[in-house]
Amino acid sequence: MTSTIDDYRSTFDGEPGYLNWASFGPLCASVRDEVVADLGMLGTGRASSIAHVAEREGEARALLAEILRAAPDEVTLQPSTTYGIMHAVYGLAGGVLASPAEFPTIPTALTRAADAFGQVRPQWLAPRDGFVTPEVVADAIEDDTTALAVSLVDFRTGYRADLAALRDVIGPDRLLIVDAVQGFGMVDADWEAADVVCGNGYKWLRAGRGTGFAWFNARARNVIAPVLSGFHGAEGGTTVDAVPAPAVSSQAYTVSGPDPLAAARLAAAVGEVAAVGAAAIEEALAERTGRVIEIAQRHGIRIVTPLDPRRRAGIVALAPDNVAALGAELANRGVTATTRYSTVRIAPHVGTDDETIGLFDEACAAFAQQRS
Ligand SMILES: Cc1ncc(COP(=O)(O)O)c(C=O)c1O
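In this report, we go over the structure that sits alongside the text. (Residues numbered from 1 in each chain as written. Predicted model: local features only at pLDDT ≥ 70, side-chain atom pairs only at ≥ 80, totals over all residues.)

Time to look at the nonpolar core. If you look at the biggest cluster of nonpolar residues, it comprises 116 residues, and the most contacted ones within it are Val89, Leu148, Ala149, Val178, Val196 and Val270. A total of eleven residues in this core trace back to one element, the largest contributor, which is helix α10 (residues 260–276). When residues are assigned to domains, this core turns out to be shared by domain 1 (5–23 + 278–371) and domain 2 (29–276), each giving three or more. Apart from residues lying up to four places away in sequence, valine 196 is in contact with Ala88, Leu175, Ile177, Val178, Ala214, Trp215, Phe216 and Ala220. (Core = buried A, V, L, I, M, F, W, Y, C linked by C-beta atoms within 7 Å. Buried ≥ 20, exposed ≤ 12 C-beta atoms within 10 Å, placed from the backbone. Helix = DSSP H or I, 4+ residues; strand = E, 2+ residues; numbered from the N terminus. Domains from an automatic or database assignment. Contact = placed C-beta atoms within 7 Å.)

Next comes the structure, spelled out in structure tokens:
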């Protein structure tokens, strides 16, 4: 089924003032309806109804694969992004490049894996502005570097990594492990440059928590030992009275059976993205973030996020000289955003309406007036 960007935009029905999609995405109507229908079916006790809901796992994996331009059997469902990253990082050996300023998912997995097994060695990058650029990575590669772990979109600065350029600098043999939770579904990334892509549906996909996923390509499966593999990841499926080897497919990087209700929410949400296409969403979102940037610039508020639309996605990080004061002006007008560390993080989505953008403009104007 195909749809237009206007169809997609019309699925946003939240209240004005919401600019916090990088934190949590209010659930879309199709996800809410899907849950109600599936809850009803799971309540009947009818085998056919229970089987019907269970089929959502396959649907979700097929739709994720469509977006990733990958094979459905390479995609696994996970409780969250962090679980997928842990499967990837715990099974590595050698040096792994990562920025310590990433969202804690990557630095924590790397540190814990090093402490527990002594097989991986964190190779911490020191990007000046927090941007994991190809240059920063090229300077840090060592002979025993086996992988780079990076966010597609940095949660703090909004910087969007250039996956193709990162692949060029690490070469064909090292793994590129991507935490895509801040970009999946609204950025048409160069997924083919990556080996592992992990994400979750509770932000930009509007599917609620518990809707994580992870994709492992053949190169990743050759290199990453499935050390966290559970009974669900065994070759031949669940087996009693014996413990088979982990599956040769990506299912090796799973622990227990997936939650069908979470899979159903994810399938509904990713289906909407697949119908319109991530490229169209990216273009429409760039227009909204462009408006945010233009307003911040007009009011003299410093922007941390790159201005080049190819190097940003949905996050615009502002660094006003008084973070609390801008945060208060936003809150006074009913604008929800994230004010933390030294930035105010503004995260609109395609369905962010002009009223919300107007409230943001008013808050910035009041802040600028206060400072003058
Ligand atoms: C870049 C990034 N990675 C990972 C996470 C956490 O993801 P999850 O809750 O799916 O494990 C977040 C949450 O904000 C994030 O911004």
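Within the secondary structure, glutamate 362 sits in helix α13 (residues 354–371). Spatially, the C-alpha atoms of glutamate 362 and isoleucine 67 are 37 Å apart, while their sequence positions differ by 295 residues.

Next up on the list: the packing of helix α2 (residues 29–44) against α10. Taken N-terminus to C-terminus, the directions of α2 and α10 make an angle of 150 degrees; their axes are 9 Å apart at the nearest point. In this structure, α2 crosses over α10, and the sense of that crossing is right-handed. Along the contact surface, α2 presents Ser30, Val31, Glu34, Val35 and Asp38, while α10 presents Leu261, Ala264, Arg265, Ala268, Ala269 and Glu272. Looking at the contact of α2 with α10 residue by residue, the classes come out as six nonpolar, one polar and four charged. (Axes fitted to C-alpha atoms, helices over the stretch in contact; angles between N-to-C directions. Left-handed = near helix turned anticlockwise from the far one by under 90°. Nonpolar A, V, L, I, M, F, W, Y, C, P; charged D, E, K, R; others polar.)

Another point: helix α6 (residues 105–117). In this model α6 runs 18 Å from its N-terminal to its C-terminal C-alpha over 13 residues, within 8% of the 18 Å that 1.5 Å per residue would give. Buried residues of α6: Thr105, Ile106, Ala109, Leu110 and Ala113, and no others. All buried residues of α6 fall inside an arc of 120 degrees around its axis, so they share one side. Buried residues along α6 sit in contact with α5 (81–90), β2 (94–98), β3 (120–124), β4 (145–151) and β5 (175–179). (Expected span 1.5 Å × (residues − 1). Arc of directions from axis to C-beta.)

The subject of this paragraph is the sheet that holds strand β9 (residues 338–340). As summarised here, the arrangement of the three strands in space is β8-β10-β9, forming an open sheet in which the pairing is antiparallel. Sheet topology places β8 (316–318) and β9 at the edges, where each strand pairs with a single neighbour. Taking each pair of neighbouring strands and ignoring which way they run, the sheet shows an average axis angle of 20 degrees. Where β8 lies against strand β10 (residues 343–346), three bridges are found, and the strand directions are antiparallel. Bridge pairing in β10 places leucine 318 opposite valine 344. (Pairing = 2+ DSSP bridges.)

This paragraph deals with the sheet that holds β3. Pairing between the strands of a sheet comes from backbone hydrogen bonds, and it takes one of two forms, parallel or antiparallel. The seven strands lie next to each other as β1-β7-β6-β5-β4-β2-β3, forming an open sheet whose pairing is mixed. Of all the strands in the sheet, the pair left with one neighbour each is β1 (75–78) and β3. Neighbour-to-neighbour, the strand axes of the sheet open up by a mean angle of 20 degrees, direction not taken into account. Bridging between β2 and β4 involves three bridges; their strand directions are parallel. Across the sheet, the residue bridging to leucine 97 is leucine 148, located in β4. Most of the contacts of helix α4 (residues 56–68) go to β1, to which it runs at about 120 degrees, and overall it touches β1, β6 (196–200) and β7 (212–216).

A few words on α4. Spanning 13 residues, α4 covers 18 Å between terminal C-alpha atoms, matching the ideal 18 Å at 1.5 Å per step. Arg56, Glu57, Ala60, Arg61, Leu63, Leu64, Ile67 and Leu68 are the residues of α4 that are buried. One side of α4 holds all its buried residues, which, seen down the axis, span an arc of 165 degrees. Structurally, α4 contributes buried residues whose contacts are with α3 (47–54), β1, β6, β7, α10 and α11 (278–298). After α4 finishes, the residue arginine 69 shows a positive phi value of roughly 55 degrees.

At a minimum axis distance of 10 Å, the contact between α11 and α13 shows a crossing angle of 15 degrees. Judged by the inter-axis angle, α11 sits roughly parallel to α13. Here α11 and α13 pass one another in a crossing that is right-handed. In this structure, α11 contributes Arg291, Val292, Ile295 and Ala296 to the contact, and α13 contributes Ile357, Phe360, Asp361 and Cys364. Per-class residue counts for the contact of α11 with α13 are six nonpolar, no polar and two charged. (Parallel < 35°, antiparallel > 145°, perpendicular 65-115°, else oblique.)

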